[in-house]
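Each chain is listed here by its residues.
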Amino acid sequence: MITGSTATGEADYYSDIEMFIYYDQLPSKEELQFARQQNHGSDPIRIFEGMSEGHFGEFYFVDGIQFQVGNSTVAFCEQEIAAVLDDLDVDSPRQKVLSGILDSIPVYGDDMILQWKQRIADYPYALALSMVKKYLNFFPVWALQSHLTARDTTLFQHQIRLEIGQNLLGVLAGLNRVYYSTFQFKRMRKFIESLNIKPEHLYARIEQIFHQEPLSASSEIQALVRETVDLIEQHMTEVDTSKVRVALERKEHTWSPRPDET
């Protein structure tokens, strides 16, 4: 199958071509090298080894275009699908793989790939619930901004914004039953546009919090978290949002001396 931007029609000047090939049994490294040479491919610029587990990746150039070829057994791929849909894996990049399969163009073996697509398209509610619970975690920067500003925390504050942005999208992915991984997350606008349940003007607001001065950004983050919690309580009532509600009400606290110390 062809995946990535080539499959979705979004390839640009910087794009590579991503391909996955599935086998009953992986070929040897020598056979893969022979295939690469038959394709007029360069020596590999990167190799991801996992032959003992059932997969092997190669990056190389053909006519100046980078090809990223993932070789995998059918059994390994089906284990990866089951790890997400049955075992509810919300921590690894596997959801990115499943999303890629959904968007892929079959080149050979259409029937098998169509079966995978149909299974993956049936996003289980248990996975949605696990996603919301996993990402329902927001550092209360709105209640600590003065503390952070006074302590030379530029990198930490950027880290907080990043993690909150990722967690907002993770919660909303679960509410919308859309596959999501923070691993090499790209094309945020398209992803957000695919969500039916979301705060208004979400894309512009997330973009803005990375360009605003800290105090304004913290206020906007608090508003986005509050609106997202509202959506959870509307659409997934079994999720306990009480801890986040308490955090949302936290206020800035500063030390002040006793009257006899002034």
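The structure under discussion appears in the preceding block.
Reading the values: rules and limits
Residues numbered from 1 in each chain as written. Predicted model: local features only at pLDDT ≥ 70, side-chain atom pairs only at ≥ 80, totals over all residues. Heavy atoms only, no water. 1 Å grid on protein atoms, 1.4 Å probe; cavity = no way out; pocket = protein on both sides within 12 Å on 5 of 7 lines; lining within 4 Å. Points joined across faces, edges and corners; volume = space filled by probe spheres on them. Helix = DSSP H or I, 4+ residues; strand = E, 2+ residues; numbered from the N terminus. Nonpolar A, V, L, I, M, F, W, Y, C, P; charged D, E, K, R; others polar. Axes fitted to C-alpha atoms, helices over the stretch in contact; angles between N-to-C directions. Parallel < 35°, antiparallel > 145°, perpendicular 65-115°, else oblique. Left-handed = near helix turned anticlockwise from the far one by under 90°. Contact = heavy atoms within 4.5 Å. Core = buried A, V, L, I, M, F, W, Y, C linked by side-chain atoms within 4.5 Å. Buried < 20%, exposed > 50% of the residue type's maximum accessible area, 1.4 Å probe, protein only. Salt bridge = Lys/Arg side-chain N within 4 Å of Asp/Glu carboxyl O. Expected span 1.5 Å × (residues − 1). Pairing = 2+ DSSP bridges.

Trainee: Would you mind showing me how to read empty space enclosed by the protein here?
Mentor: Evaluated as defined, the whole model comprises one cavity of 30 Å³ or more. Together, Val-141, Gln-145, Gln-157, Ile-160, Arg-161, Pro-214, Ala-217, Ser-218 and Ile-221 line the largest cavity. For the lining of the largest cavity, the leading source of residues is helix H11 (residues 214-235), giving four residues. Tallied by class, the residues present in the lining of the largest cavity amount to five nonpolar, three polar and one charged.

Trainee: What should I look at first to understand the packing of helix H6 (residues 125-135) against helix H8 (residues 154-176) in this one?
Mentor: Relative to each other, H6 and H8 sit at 160°, their axes nearing to 7 Å. As judged from the angle between their axes, H6 and H8 are roughly antiparallel. Between H6 and H8 lies a crossing whose hand is left-handed. Two secondary-structure elements touch here, H6 through Ala-128, Met-131, Val-132 and Tyr-135 and H8 through Gln-166, Asn-167, Gly-170, Val-171, Ala-173, Gly-174 and Leu-175.

Trainee: What exactly am I supposed to notice about the nonpolar core here?
Mentor: Taken as a class, soluble globular proteins show a tendency for nonpolar side chains to be buried jointly. Among the nonpolar cores identified, the biggest contains 57 residues, and Trp-116, Phe-138, Trp-142, Leu-175 and Val-225 are the most heavily contacted of them. Take this core: its biggest share by element is eight residues, from H8. Those residues in contact with Phe-138, other than ones at most four positions away along the chain, are Ile-164, Asn-167, Leu-168, Val-171, Val-225 and Val-244.

Trainee: What exactly am I supposed to notice about the pattern of salt bridges here?
Mentor: Oppositely charged side chains can pair when the atoms bearing their charge come close. Taken as a whole and judged by the stated rule, the model has 13 salt bridges. In this structure, Arg-187 and Glu-10 form a salt bridge, with 3.7 Å as the shortest nitrogen-oxygen distance. Of this pair, Arg-187 sits in the loop between H8 and helix H9 (188-193) while Glu-10 sits in the loop between helix H1 (4-8) and strand E2 (17-23); the two residues are 177 residues apart in sequence, bridging distant segments of the chain. Using a relative accessible area of 36% as the deciding quantity, one classes Arg-187 as partly exposed. Bridged by salt links that share partners, the residues Glu-10, Arg-187 and Lys-190 form one connected network.

Trainee: Mind showing me how you'd approach H8 here?
Mentor: One turn of the α-helix equals 3.6 residues, which is why residues spaced by three or four share an orientation. Between its first and last C-alpha atoms H8 spans 33 Å; for 23 residues at 1.5 Å apiece the expected length is 33 Å, and the two agree. Looking at the residues trailing H8, positive phi occurs at Arg-177, about 55°.

Trainee: I would appreciate a short explanation of the sheet that holds strand E4 (residues 55-62) in the present structure.
Mentor: Sheet strands pair via backbone hydrogen bonds, and the direction of the pair is either parallel or antiparallel. With mixed pairing, five strands are arranged side by side in an open sheet as E1-E2-E5-E4-E3. At either margin of the open sheet sits one strand with a lone partner, and together these are strand E1 (2-3) and strand E3 (46-50). Note: E4 against strand E5 (residues 65-73), eight bridges, orientation antiparallel. In the sheet register, Phe-56 faces E5, and the bridge partner there is Asn-71. Helix H2 (residues 29-38) contacts E2, E3, E4 and E5 of the sheet and is inclined by roughly 25° relative to E4.

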